[in-house]
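Given next are the chains, with one letter for each unit.
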Amino acid sequence: MTRAGVYLDYNASGLVRPQAAEAVADALARGGNPSSVHQLGRAARRTVEQAREQVAALAGAEPSQIIFTGGGTEANNQAILGAAVSRVIISAIEHDSVHEMAFAGPFETDVVPVNGDGVADAEALARLLTSGDERPTLVSVMLANNETGVIQPVQTIAEVAHSAGALVHCDGVQAAGKIAVDFKDLGVDMLSLSGHKIGGPQGIGALIVRAGLDLAPLLHGGKQERGHRSGTENVPGIAGFGAAAKVARESLGEFTQLAALRDRLESRVRDFAPDAPVHGANGPRLPNTSCLSMPGVSSETQVIAFDLEGIMVSAGAACSSGKVQASGVLTAMGAPEREVESAVRVSLGWASTPADVDRFVAAWSALHERLCSGEATPAAMRSACHG
Ligand code: PLP
């Protein structure tokens with residue numbers, strides 16, 4: 001199938017890898033319930049267990065530590081609710097599936113700030129944990145941010161949290177398949193993954209849980225996934241997730257090279273508009289992500305204008321209705337309001353090419369020229385762009 005346009009929104013959903021699409025189609029065509037003892041059931045079980053090994057290999061975990069879930073959101077919710085703690089500490093830049101759960105559950109919640117580069121403050125966490133509070137605590141910090149791509153010091157955070165007796169969960173949804181992720185090296189107790197961020201299908205994810213950790217299930221029923229996640233397994237989704245994990249692991253080197261393409265995009269935008277802010281550019285970042293502002297031109301206007309040119313990107317954060325909301329991530333980083341309101345996220349992936357980047361840069365420059373420097377631009381808008 002050919003795809004019209006330039007897709008630069010892999011952090012929303014990666015384009016599905018052909019190997020993953022094939023695995024989904026095969027599993028669908030074959031059918032069978034992995035709990036059935038007959039041969040079709042046993043074949044479905046083999047598909048699930050092979051995918052479990054592939055996902056475990058991508059994340060440096062043991063297959064027995066993988067619980068398949070209905071996506072990253074469910075994995076994050078289960079980690080936080082299932083830990084059954086009375087206090088939760090999250091960073092200020094967590095995805096809504098962590099943030100909202102952390103404020104919805106039967107526990108008290110504290111938030112650790114991030115610095116101007118978008119990196120969570122491990123010292124602030126240490127202060128929160130040594131305040132004499134003895135309550136069972138879970139710390140949840142993501143590995144890479146979905147909007148800026150900034151990579152968090154999760155190993156340090158895990159050491160700080162563990163030395164105070166807290167459990168640690170990490171949302172690894174945006175990091176897996178983009179940088180090397182090793183569950184053991186991270187030293188966390190739980191790690192969330194999602195299929196559609198690594199070139200697999202949507203609606204499938206995993207929570208990796210360290211051996212011996214007692215985690216309550218969200219769903220009760222048939223006791224699939226060793227009682228951790230009841231409900232007949234999504235065999236096609238799991239098969240596609242496994243296939244995508246295998247390709248993602250084999251292509252990590254190629255993915256790293258996307259940084260050169262991303263850097264070229266940013267430097268060409270800055271050749272054109274030297275003051276264009278790139279959020280998180282001074283922190284350690286995923287190789288594929290760029291979050292840049294065109295001050296004075298709203299994110300929504302830009303996303304629509306790029307779409308008219310056939311270029312698909314995201315505003316900093318969009319809620320499910322498609323309505324653009326101001327980014328809490330950039331605000332937490334201390335970005336001025338006019339930069340927050342004009343931020344656009346560009347995220348590259350396995351099918352991105354230099355020509356895609358050139359098309360984006362040409363469209364960005366043309367939009368900037370038209371709305372920020374053109375003679376026809378009202379004076380108020382010109383000063384908003386440059387001021
Ligand atoms: N965590 C992060 C950092 C994400 O970016 C997302 C999706 O955007 C999720 C969790 C949720 O994953 P899913 O869409 O699989 O529910």
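So, here's what we can say about the structure.

Conventions and cut-offs
Residues numbered from 1 in each chain as written. Predicted model: local features only at pLDDT ≥ 70, side-chain atom pairs only at ≥ 80, totals over all residues. Heavy atoms only, no water. Core = buried A, V, L, I, M, F, W, Y, C linked by side-chain atoms within 4.5 Å. Buried < 20%, exposed > 50% of the residue type's maximum accessible area, 1.4 Å probe, protein only. Helix = DSSP H or I, 4+ residues; strand = E, 2+ residues; numbered from the N terminus. Near = heavy atom within 4 Å. Polar contact = N/O pair within 3.5 Å; in protein donor to acceptor, adjacent residues only side chain to side chain. Areas by Shrake-Rupley, 256 points an atom, 1.4 Å probe, with all protein chains shown as cover. Nonpolar A, V, L, I, M, F, W, Y, C, P; charged D, E, K, R; others polar. Pairing = 2+ DSSP bridges. Contact = heavy atoms within 4.5 Å. Axes fitted to C-alpha atoms, helices over the stretch in contact; angles between N-to-C directions. Phe/Tyr/Trp six-rings, centres within 6.5 Å; stacked < 30°, edge-to-face > 60°. Salt bridge = Lys/Arg side-chain N within 4 Å of Asp/Glu carboxyl O.

A few words now on the nonpolar core. With 65 residues, the main nonpolar core has Phe68, Val139, Val188 and Leu191 as its most contacted residues. Take this core: its biggest share by element is 8 residues, from helix H8 (residues 235-250). Ala315, Val361, Ala363 and Cys372 belong to the second-largest nonpolar core, a separate cluster that totals 30 residues.

Across the 11 residues of helix H3 (residues 72-82), 8 count as buried, placing the element largely inside the fold. Residues Gly72, Glu74, Ala75, Asn76, Gln78, Ala79, Ile80 and Gly82 constitute the buried set of H3.

Turning our eyes to something else, we now look at the site of the ligand. Around the ligand, the surrounding shell holds 14 residues, and the nearest of these are Gly72, Thr73, Asp171, Ser194 and Lys197. Here Gly72 contributes a backbone N or O atom positioned 2.8 Å from an oxygen atom of the ligand. A distance of 3.4 Å separates an oxygen atom of the ligand from a polar side-chain atom of His95. Protein burial of the ligand: of its 390 Å² of free accessible surface, 86% is covered by the chains. Residues that form the shell around the ligand fall into these classes: 2 nonpolar, 10 polar and 2 charged.

Another aspect to go through is the sheet that holds strand S14 (residues 343-347). Across the sheet, 3 strands lie side by side as S9-S14-S11; this open sheet has antiparallel pairing. Among the strands making up the open sheet, the edge pair consists of strand S9 (289-293) and strand S11 (314-315). Pairing of S9 with S14, which is carried by 5 bridges, proceeds in the antiparallel orientation. Paired with Ser290 across the strands is Val346, a residue of S14. Packing against the sheet, helix H10 (residues 258-272) makes contact with S9 and S14, and its axis sits at approximately 15° to S9.

Moving on, we come to the packing of aromatic side chains. Counted according to the given criterion, the structure contains 3 aromatic pairs. Each ring, one from Phe68 and one from Phe241, has its centre 6.2 Å from the other, and the planes form 65°; the classification is edge-to-face. Of the two residues, Phe68 is situated in strand S2 (residues 66-69) and Phe241 in helix H8; the sequence distance between them amounts to 173 residues. As far as the burial class goes, Phe68 and Phe241 line up, both buried.

On inspection of all chains with the given rule, the structure shows 14 salt bridges. Between Asp189 and Arg210 there is a salt bridge whose closest N-O contact spans 2.6 Å. Taken together, the residues Asp189 in the loop between helix H7 (183-186) and strand S7 (190-194) and Arg210 in the loop between strand S8 (205-209) and H8 connect sequence positions 21 residues apart. For Asp189, a relative accessible area of 3% translates into the label buried. For Arg210, a relative accessible area of 31% puts it in the partly exposed group. In this structure, a network of salt bridges that share partners links the residues Arg45, Glu49, Arg52, Glu225 and Glu233.

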